[in-house]
Amino acid sequence: MIDKQSPIPIYHQLEEQIKAKIENGEYKPGDSLPSEREYAEQLNISRMTVRQAITNLVNERYLHRIKGKGTFITEQKLEQNLNGLTSFTEDMKARGMEPGNRLINFEIIPANQSIAEQLHIAEHAPIYEIKRIRLAENIPMALERTYIPANLIKGLTDNIVQNSIYQYIESKLALKIGKASQIFEATIANEEEIEYLEIPELSPVLFIKRTTQLEDGTTFEVVKSSYRADRYKFMFDLERQ
Ligand code: 16G
């Protein structure tokens, strides 16, 4: 498996072989990697060389070490392309994954000052407050708190929000969604996120705040989402102005 005559360094050959096994599914996320000693004996190379290959893969986030336990294959993250304005349901379907929702809360409440300002409505005007866990293949990906003016997006039901809000707005209400602005922040999971996203204490989460407008410029939602940083990564195309 290792070509000692090759000009390609041995640690690099081993790295490529481990990566290939991760990519073809022979090594699965969460599996433990054979020990340095096993690789060294099996391939007849030094443990130092094995360590170098493993360290590089840890640095590149293919593998991670857990103290006292060993080295494990890291879960591949979902890459969300942020170049278009899409919904969670669309994102998951585009990947061939089954989207799901766990509805935590759905009610009409009077808007507080801050949300009213962001939605450009009067304070105390009725808004839907929706809290959902967004699932992919039944695994929690994000906790989403959505605020929508009830006088603008009429007729939302708990049934609708357990499916797709954007689809309801566009197909049933025949309104056109226009553009959004988003802010990203790295944070540490709070108690609610630990519970609903089923992640360990002190886990990192990506906090995203999105404000979205209809095509006519009316703001129709303020969404505060917490994405699991171990499951999600985001991709942008950047163009030099
Ligand atoms: C995405 C949006 C969220 C929107 C939701 C609609 C981000 C950060 N957020 O999760 O603003 O409300 O999609 O999803 O991308 P739905 O149509 O599946 O209900």
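Residues numbered from 1 in each chain as written. Predicted model: local features only at pLDDT ≥ 70, side-chain atom pairs only at ≥ 80, totals over all residues. Heavy atoms only, no water.

- Going by an unreviewed UniProt entry, the protein carries the name UTRA domain-containing protein and comes from Gracilibacillus salitolerans.

## Observations concerning the overall build of the protein
In step 1: Helix and strand counts for the protein come out as eight helices and 10 strands.
In step 2: Whereas a compact globule of 241 residues would reach a radius of gyration of roughly 18 Å, the protein reaches 23 Å, over 25% beyond that.
In step 3: Its C-alpha atoms give the protein principal-axis dimensions of about 75 × 40 × 30 Å.
In step 4: With 241 residues in all, the protein has 41% of them scored as buried.
In step 5: Restricting the contact set of the protein to residue pairs at least 6 apart, pairs at least 24 apart contribute 58%. (Helix = DSSP H or I, 4+ residues; strand = E, 2+ residues; numbered from the N terminus. Rg over C-alpha atoms; globule rule 2.2 N^0.38 Å. Buried < 20%, exposed > 50% of the residue type's maximum accessible area, 1.4 Å probe, protein only. Contact = heavy atoms within 4.5 Å.)

## Details of the layout of surface pockets
In step 1: Roughly 420 Å³ of volume is contained in the largest pocket.
In step 2: Around the largest pocket, the lining comprises 17 residues; the ones closest to its centre are R61, T74, E75, K77 and D230.
In step 3: Split by residue class, the lining of the largest pocket holds seven nonpolar, four polar and six charged.
In step 4: Within this model, the second largest pocket holds a volume of roughly 180 Å³.
In step 5: Considering the residues around the second largest pocket, the lining is formed by L82, G84, L85, K179, A180, S181, Q182, F184, R210 and F236.
In step 6: Broken down by element, the residue count for the lining of the second largest pocket peaks at five residues, all from strand β7 (residues 177-188). (1 Å grid on protein atoms, 1.4 Å probe; cavity = no way out; pocket = protein on both sides within 12 Å on 5 of 7 lines; lining within 4 Å. Points joined across faces, edges and corners; volume = space filled by probe spheres on them. Nonpolar A, V, L, I, M, F, W, Y, C, P; charged D, E, K, R; others polar.)

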